[in-house]
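Given next are the chains, with one letter for each unit.
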Amino acid sequence: MSYWDVAPEHWGLIWDNLDYFLWGAAKFTDQFPYVENLGGLAASIVLAVLGILGAFWLGLGAGLMRISRNRFAKYTSIVYIEAIRGTPLLMLIFWFFFLAPILMGQTLPAFHSTLIAFIVFTSAYIGEIVRAGVNALPRGQMEAARGSGLSHVQAMRYVILPQALRNMIPSFVNQFVSLTKDTSLAYIIGVNELMRTAVQVDNRETKISFEIYITIAILYFVVCYVLTSYSRRLEKKLSRYQARDR
Amino acid sequence: MQYQFNWIATVTGEPGRWLWEGFVTTLEVSFIGIVFAMILGIVICVLRMTRFKPFVWFSVAYTEFFRNTPLLVQIFFWYFGAGVILPDSINDWINQLYYWFPGPFTLGGGEYTGEWMLFSSESVSVIIALAVYTSAFIAEELRAGIFSIPKNQLEASRATGLTFLQAYRFVIMPQAIRIVVPPLISQFLNLIKNSSLAMALGVTELTYQATQIESYHGLAFEGFTVATLIYLAISLVVSFAINMYNKHFMLQVKY
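The present account deals with the structure reproduced in this document. (Residues numbered from 1 in each chain as written. Chains lettered and ligands numbered in written order. Predicted model: local features only at pLDDT ≥ 70, side-chain atom pairs only at ≥ 80, totals over all residues. Heavy atoms only, no water.)

Topic: the environment of Ile-34 of chain B
Okay, so step 1: If you trace the backbone, Ile-34 of chain B turns up in helix H2 (residues 13–49).
Okay, so step 2: Setting aside residues no more than four positions away along its own chain, Ile-34 of chain B makes contact with Phe-188 and Leu-191 of chain B. (Helix = DSSP H or I, 4+ residues; strand = E, 2+ residues; numbered from the N terminus. Contact = heavy atoms within 4.5 Å.)

Overview of the packing of aromatic side chains
Okay, so step 1: Throughout the structure, instances matching the rule amount to 28 aromatic pairs over all chains.
Okay, so step 2: Relative to Phe-65 of chain B, the ring of Phe-221 of chain A lies with its centre 5.5 Å away and its plane at 40 degrees, an arrangement referred to as tilted. Within this pair, whereas Phe-221 of chain A is found in helix H9 (residues 209–238), its partner Phe-65 of chain B is found in helix H3 (residues 53–67), the two belonging to separate chains.
Okay, so step 3: Given a relative accessible area of 28%, Phe-65 of chain B falls into the partly exposed group.
Okay, so step 4: Both rings, one in Tyr-79 of chain B and one in Phe-80 of chain B, keep their centres 4.8 Å apart while their planes meet at 70 degrees; by these two values the pair is edge-to-face.
Okay, so step 5: What makes Phe-80 of chain B partly exposed here is its relative accessible area of 36%.
Okay, so step 6: In textbook terms, an aromatic cluster arises when at least three aromatic residues are bridged by ring pairs, as seen for Phe-221 and Tyr-225 of chain A together with Phe-58, Tyr-62, Phe-65 and Phe-66 of chain B.
Okay, so step 7: Positioned above the aromatic ring of Tyr-125 of chain A is the side chain of Arg-85 of chain A, whose terminal nitrogen or guanidinium carbon lies 5.8 Å from the ring centre.
Okay, so step 8: Its guanidinium or amino end placed over the ring of Phe-147 of chain B, Arg-143 of chain B lies 5.3 Å from that ring's centre, counting from NZ or CZ. (Phe/Tyr/Trp six-rings, centres within 6.5 Å; stacked < 30°, edge-to-face > 60°. Buried < 20%, exposed > 50% of the residue type's maximum accessible area, 1.4 Å probe, protein only. Lys NZ or Arg CZ within 6 Å of the ring centre and 35° of its normal.)

Quick notes on empty space enclosed by the protein
Residues and elements named next belong to chain B.
Okay, so step 1: By the definition in use, this model includes one cavity of 30 Å³ or more.
Okay, so step 2: Here the largest cavity defines a volume of roughly 30 Å³.
Okay, so step 3: What lines the largest cavity is Ile-44, Arg-48, Ser-59, Val-60, Thr-63, Ala-139, Glu-140 and Arg-143.
Okay, so step 4: Sorting the residues of the lining of the largest cavity by element identifies H2, H3 and helix H6 (121–147) as the ones contributing at least two each.
Okay, so step 5: In terms of residue class, the lining of the largest cavity is built from three nonpolar, two polar and three charged. (1 Å grid on protein atoms, 1.4 Å probe; cavity = no way out; pocket = protein on both sides within 12 Å on 5 of 7 lines; lining within 4 Å. Points joined across faces, edges and corners; volume = space filled by probe spheres on them. Nonpolar A, V, L, I, M, F, W, Y, C, P; charged D, E, K, R; others polar.)

Focus on the environment of Thr-204 of chain B
All names here are of chain B.
Okay, so step 1: The topology assignment puts Thr-204 in the loop between helix H8 (164–194) and helix H9 (206–217).
Okay, so step 2: The exposure class assigned to Thr-204 is partly exposed, which follows from its relative accessible area of 30%.
Okay, so step 3: Along the sequence, Thr-204 and Arg-48 sit 156 residues apart, while their C-alpha atoms lie 37 Å from each other.
Okay, so step 4: Discounting residues that sit within four places of it in the chain, Thr-204 has contacts with Glu-21, Gly-22, Thr-25 and Gln-209.

Here we look at the pairing of strand E2 (residues 35–38) of chain A
Residue and element names in this part refer to chain A.
Okay, so step 1: Note: strand E1 (residues 24–28) against E2, three bridges, orientation antiparallel. Directly across from Lys-27, in E2, lies its bridge partner Glu-36.
Okay, so step 2: Hairpin remark: E1 followed by E2, antiparallel, with six residues in the connecting loop; positive phi at Tyr-34, about 65 degrees. (Pairing = 2+ DSSP bridges.)

Structure follows, in structure tokens:
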């Protein structure tokens, strides 16, 4: 029996489960998150968006500490960034999952502890992006801002960061793409996101693994590829307005 | 804080042995993965540089697809899904057990079963996935390295009478390799870190051993901390080596 004989039945099963892949068994409620049992691709995207929002602020702090002249701040942030960049994300996820009971005496829900792990992990990479972005601006910008009477903090706040952050947007989008891919790791400690819905359906149907993982890969690919091409276009557009050394 | 840390028990006795075996397995899987990723990456990069359009389309599709899907999905695909499309002979080959070097052996009176060197179909799937995933990144790095050499270098060397291959061999490559090595090493480091996902299939590498320590000995936090430190040590040693390399061998080229 060739594959083509069973293909219609298998892809039919995929079609039946597609809504579960997309948003899990989500139901609307009238209490705060307004939705419960969110799963599938929607949960992955929620994890990634919350993760990048948290990581932006933490990473901005780490990056600014990395370029500051205060030795203590600088070396703290170097250790933080290098330690986290040298560690697999899966290790961090497990680490925060088992750290919570020690600190608080009770386990955090898997969703929250993976979210913390994602924020901490991504912030190290964002810290490097921030450092590179600030260092890429010509020195004259800082000197001119200081020369016109702004303090160091003011110069950072009103002159350097607005330019640097705008140039960093493509890198942030790339980081978001990579975080979206990494949300699949949350499956391992049991967060109900896209990868886990795939494994659940795979365990129930048992014979359509090939089709399931192709479908999941395509779902991730669509999200990530759209964002990647957007970031490429953005990069081209932004590079025209960048301040340069002359 | 009522939690009693027990670091000694984590690094000695059975947990210590597990961690050591996991470390060896991680290095083995990563090493084989790096070799195959490098070969595949070079092939894809060469296909990308040819003028034959279908080759170019194939390599663009390859890099875009494998870079934009999660590694975990790819690992599960190769392990659970790929059996349907692969021919039976390859499936049988994958589903055997292999002893990676050197297999069971005796040394100084002690017998080593070489259990942790047993190569199962899980390890094979993980290595395929790691190699394919990383090769897409490597191909991009190689291409970026070669394209960063100004085009007039190629034109000038062609004009001095070198053939196309000679120009690449003697002019472009020696410069491109120096540019490409640091990002390549960081891709290798990524592969080593990504090999931690092998635990999802039950390959007994470092992360898996840490979960095993958690379930058998209850040393959850300690086990994961030690495993994290081992990964960190691998990364730091390799990045220290890159820095040394950069200091001694990088040409300071200015265009």
